[in-house]
Amino acid sequence: YAKMVNGSLYQRINEILSTGIEGNYSIDKMSELIQNFFLEQQVMRAFRIARTESVAGGNFGRNGIMKNQGIKYHMWLTTRDPLVRDHHASLDGVIRKVGASFPVTSEYLGFSAEFPSDINERCFTIPTKKP
């Protein structure tokens, strides 16, 4: 996730600087625009990063425990609310062997398809019986 944050920050700062150069802005004005951008992003990005890393870390740990305990299958569960992304909603209730990948789409940006680990993740898996 950190690489994606760095890439998007680079892109946005580049856009601000390009606008400033095209508009013949002073360095002080461009500095002000960049400062305002970071102030706006600070809370949102901090929360997103904390959620992403905490939930993915918990899901990673849960997956490891299921492997260690010999649990054979687990089921993907969403929070089943209006904020669930379509590509996650399609996985709700899908059962896979522990250690096998879930059938994620190209929209999924998680670091593992063995358990939920996408950006702003809220999904998790639970042990279940064979499908």
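The shown structure was predicted, so the numbers you read here are calculated from the model rather than taken from an experiment.

Thoughts on the sheet that holds strand β2 (residues 95–97)
And step 1. Here we have 3 strands laid out as an open sheet, ordered β2-β1-β3, and antiparallel in their pairing. With partners counted over all chains shown, the strands left at the sheet margins are β2 and β3 (124–128), one partner each. This sheet shows a mean twist of 35 degrees between the axes of neighbouring strands, independent of strand direction.
And step 2. Here 5 bridges tie strand β1 (residues 73–77) to β3, and the two strands are oriented antiparallel to one another.

As for the pattern of salt bridges
And step 1. Using the criterion set out here, one finds 5 salt bridges in the structure.
And step 2. Among the ionic pairs, E15 bridges to R12, the shortest N-O distance being 3.3 Å. Residue E15 and its partner R12 are both found in helix α1 (residues 2–22); the two are separated by 3 residues, about one turn of the helix.
And step 3. D92 serves as the salt-bridge partner of R80, at 2.8 Å between the closest nitrogen and oxygen.

Quick notes on the confidence of the model for the chain
And step 1. Per-residue pLDDT for the chain has a mean of 91; in total, 96% of the residues score no lower than 70.
And step 2. Across the chain, the element-wise mean pLDDT spans from 81 in α1 up to 98 in β1.

Conventions used here
Position numbers for residues start from 1 in each chain and track the written sequence from start to end. Per-residue local features are limited, in this predicted model, to residues with pLDDT of at least 70; the limit for side-chain atom pairs, both in listing and counting, is 80 or more; totals at the level of whole chains, interfaces and linings are taken over all residues. Hydrogen atoms and water are omitted, and side-chain values are computed over all heavy atoms in the structure. Two strands qualify as a pair provided DSSP detects at least 2 bridges between them. Per the convention used, a helix needs a DSSP run of H or I reaching at least four residues, while a strand needs a run of E reaching at least two, with both numbered from the N terminus. For helices, the axis comes from a line fit to the C-alpha atoms of the stretch in contact; other axes are also lines fit to C-alpha atoms, and the angle between any two N-to-C directions lies between 0 and 180 degrees. What makes a salt bridge here is a side-chain nitrogen of Lys or Arg within 4 Å of a carboxyl oxygen of Asp or Glu, nothing more. Confidence of the predictor in every single residue is expressed as pLDDT, which spans 0 to 100.

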